[in-house]
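# An overview of the molecular structure
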Amino acid sequence: MDKEEEMLAISRLVFELTVTSSTTSDLDSLLERLFEKLKDYPDLQIEPRGAVLLLNPRGRYFQVAQFGIEPAWNTLLSFDTAAFSSPVVAQHCLLQDIVLAKSVDEPARMLLLPLHIETEGVGYVVIFVPPDYGLSPVNLDFFNDLARALSGLVQRTLSYETLRIRELELEEARADAIRSLGVASEYRDNETGWHIMRMTNFAQAIAKCMGLPEEQRDLLYVAAPMHDVGKIGIADAVLLKPGKLTAEEFEVMKTHTDIGVTILNGNDALIAAARDIAGSHHERWDGNGYPQGLKGETIPLLARICSVADVFDALTSTRPYKEPWSVATAHEWVMSEAGKHFDPAVVRAFDEAMPEILRIRELYRDDIIDPKQVLTLPPVKHRDNAWVPWDENLSVGIDVIDEHHRYLFDLINDLYVVVINKRGAREVARLIKSLDAYAKIHFRAEEQMMDHYGYAGIDQQLQQHHVFEEKIKEFYEELHANPLVAQFDVLSYLRGWLIHHIRVEDAKLASLAR
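Keep in mind that what you see is a predicted model, and the values were worked out from it rather than measured. Residue numbering note: each chain is counted from 1, following its sequence as written. Note on the predicted model: pLDDT of at least 70 is required for a residue's local features to be given, and 80 or more for side-chain atom pairs to be given and counted; whole-chain, interface and lining totals, by contrast, use all residues. The side-chain values count all of the structure's non-hydrogen atoms but skip hydrogen atoms and water molecules.

### Digging into the pattern of salt bridges
Salt bridge criterion: a side-chain nitrogen from Lys or Arg within 4 Å of a carboxyl oxygen from Asp or Glu. Per the counting criterion, the structure on display carries 33 salt bridges. Between Arg 164 and Glu 167 there is a salt bridge, and its shortest N-O distance comes to 2.8 Å. With Arg 164 and Glu 167 both in helix α3 (residues 137–188) and three residues apart, this pair spans about one turn of that helix. Among the salt bridges present, the one from Lys 231 reaches Asp 228, with a minimum N-O distance of 3.1 Å. Burial here depends on accessible area, computed with a 1.4 Å probe over protein chains only, as a share of the maximum for the residue type. Under 20% is buried, over 50% is exposed, and the range in between is partly exposed. Judged by its relative accessible area of 8%, Lys 231 falls in the buried class. One salt-bridge network, held together by shared partners, links Glu 356, Arg 359, Glu 392, Glu 403, Arg 406 and Asp 410. Each helix is a run of DSSP H or I of at least 4 residues and each strand a run of E of at least 2, with the numbering of both proceeding from the N terminus.

### Some points on the sheet that holds strand β3 (residues 94–99)
What the five strands build is an open sheet, ordered β2-β1-β5-β4-β3; its pairing is antiparallel. Single-partner strands in this sheet number two, and they are β2 (61–67) and β3. The mean angle between the axes of side-by-side strands here comes to 30°, regardless of whether they run parallel or antiparallel. A pair of strands is treated as paired once DSSP finds two or more bridges between them. Across five bridges, the pairing between strand β1 (residues 50–55) and strand β5 (residues 120–129) is antiparallel. Bridge pairing links Leu 54 to Gly 123 in β5. Think of each axis as a best-fit line through the C-alpha atoms, taken over the contacting stretch in the case of a helix, with angles from 0 to 180 degrees between the N-to-C directions.

### Brief notes about empty space enclosed by the protein
Both cavities and pockets are sets of points on a 1 Å grid over the protein atoms alone; in a cavity a 1.4 Å probe fits but cannot get out, in a pocket the set is open with protein on both sides within 12 Å along at least five of seven lines, and lining residues sit with an atom within 4 Å of a point. Grid points are joined across faces, edges and corners, and a volume is the space filled by probe spheres set on the points. In total, this model carries four cavities of 30 Å³ or more according to the counting rule given. Here the largest cavity defines a volume of roughly 70 Å³. As for the largest cavity, its lining consists of Leu 408, Ile 412, Leu 435, Ala 439, Phe 443, Phe 468, Leu 494, Trp 497 and Leu 498. Counting only elements with at least two residues in the lining of the largest cavity, the list comes to α14 (399–420), α15 (425–452) and α17 (483–504). Amino acid classes used here: Ala, Val, Leu, Ile, Met, Phe, Trp, Tyr, Cys and Pro are nonpolar; Asp, Glu, Lys and Arg are charged; the rest, including Gly, are polar. Taken together, the residues of the lining of the largest cavity break down into nine nonpolar, no polar and no charged. Considered as a void within the structure, the second largest cavity measures approximately 50 Å³ in volume.

### Quick notes on the side chain of Arg 304
Examined against the element boundaries, Arg 304 turns out to sit in helix α10 (residues 301–316). A relative accessible area of 12% means that Arg 304 is categorised as buried. Within 3.5 Å is the distance limit for a polar contact, defined as a pair of N or O atoms, with the added protein rule that one can donate a hydrogen and the other accept it, and that residues adjacent in sequence qualify only through two side-chain atoms. A distance of 2.7 Å separates the side chain of Arg 304 from the side chain of Asp 343, its partner in a polar contact. Beyond its immediate stretch of four places on either side in the chain, Arg 304 contacts Trp 285, Gly 296, Glu 297, Ile 299, Asp 343 and Val 346. By definition in these notes, contact holds between two residues if any of their heavy atoms fall within 4.5 Å.

### Section: the nonpolar core
If you look at the biggest cluster of nonpolar residues, it comprises 128 residues, and the most contacted ones within it are Leu 113 and Phe 143. In contact with Leu 113, not counting residues within four places along its chain, are Cys 93, Gly 123, Tyr 124, Val 125, Ile 127, Phe 143, Leu 146, Ala 147 and Leu 150. In plain words, nonpolar cores are sets of buried Ala, Val, Leu, Ile, Met, Phe, Trp, Tyr and Cys residues tied together by side-chain atoms within 4.5 Å. Leu 53, Leu 55, Val 126 and Phe 128 belong to the second largest nonpolar core, which has 16 residues in total.

Interpretation in functional terms is not warranted from these geometric data alone.
Now the structure itself:
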């Protein structure tokens with residue numbers, strides 16, 4: 001093509017890509033559309049395969065999108081070439097040769113289109129070309145102009161994903177404030193913050209077995225900790241009484257549901273869900289509960305779920321005024337109350353969720369981990385073809401710690417599923433926060449055990465835990481700068497760090513079980 005044709009082709013191509021990318025932030029879709037349009041220019045002689053590689057803050061390139069080649073988590077392809085050994089992105093297009101895999105001696109040739117946002121190089125779009133490919137001056141101009149156009153589209157994608165993260169942070173800030181209010185109410189009571197964690201996760205497990213949609217489960221997860229927020233307004237003489245309440249005192253205690261409804265005044269979905277739970281989790285299916293004597297399905301569904309979760313944890317937990325029931329006794333009692341105290345559908349889901357509920361009890365326990373405790377948990381169904389499968393060779397010989405590690409593997413695999421299914425940086429950020437929160441719970445429980453039993457290597461463990469927490473914090477911050485790269489970067493780090501830490505450091509904890 002001559003210069004005039006080249007300018008017309010670029011204008012048409014950029015227009016097509018701009019229209020397409022306005023409806024998606026998916027760079028894989030952008031590449032697919034790019035190669036579809038480039039077929040209209042056979043004289044360019046490109047192959048129908050390519051990728052987008054973006055830089056992380058440490059100067060390493062990550063394959064974040066692809067067309068016609070395997071994704072980064074499956075491929076044997078190594079972008080081992082001069083351009084990718086330097087964090088300095090070229091100003092103009094260039095050709096590079098690479099060996100596709102160790103089993104293939106023949107090199108492949110790539111055309112690299114540099115991506116710049118303002119004055120900063122952020123990576124390359126890679127287009128594969130024939131091995132003897134050369135760039136004419138006109139074609140070089142075409143691809144340089146195309147690189148500038150693609151830079152603008154990548155910038156728009158990054159801006160969109162960053163905006164979604166900001167939206168999540170605003171939602172999380174409000175949710176954190178609500179959770180803090182719920183925790184404050186628990187600390188005034190004879191219960192612990194772990195009760196909130198267990199009860200909330202029990203409710204989640206039940207809701208999942210009931211088939212509630214993810215959006216409703218998310219509301220439940222944030223709102224459930226507010227179930228007893230009204231206890232803030234109960235006098236200490238009643239709330240903290242170690243013995244059985246008198247009839248008059250119990251009537252005072254019952255007002256915590258009305259106080260909770262008053263506190264949770266608002267019309268948005270989250271506040272409304274929290275208000276339903278706080279006001280109705282002591283209602284009974286048979287209509288003999290309080291404060292309103294609601295019956296059956298007139299009781300809000302999330303409150304019915306929380307009622308079972310709350311009662312089961314209360315029955316199986318130690319309180320100053322009672323000894324805990326055994327799990328078997330509490331489970332039998334809950335089952336017997338179907339159609340009386342509890343919604344029969346919720347009780348059936350509770351029974352189905354018991355393997356997960358028993359696991360949650362061990363993950364969020366009040367007491368110090370006993371290294372010699374033998375867990376007899378029912379098997380939890382683990383996912384097939386997990387990206388980071390649990391290997392029994394990773395067992396450290398302390399059952400509770402092994403269960404913690406399995407759960408961390410589950411969280412990493414959850415994050416992997418979100419990334420490969422391209423659910424967006426918002427979901428990635430949410431899962432990184434969840435993983436960070438649980439890792440801290442695991443670390444503190446592990447450290448408490450090590451301190452209690454005089455473990456000699458505790459300082460090394462403390463140091464490594466601190467490094468991990470700082471690294472996750474760093475990745476979360478990087479999501480704001482380059483959300484596309486950070487999600488791949490954190491996956492790579494998590495898999496490597498956790499397996500290495502278990503095999504090298506946590507394996508030494510086995511000495512505590514002897």
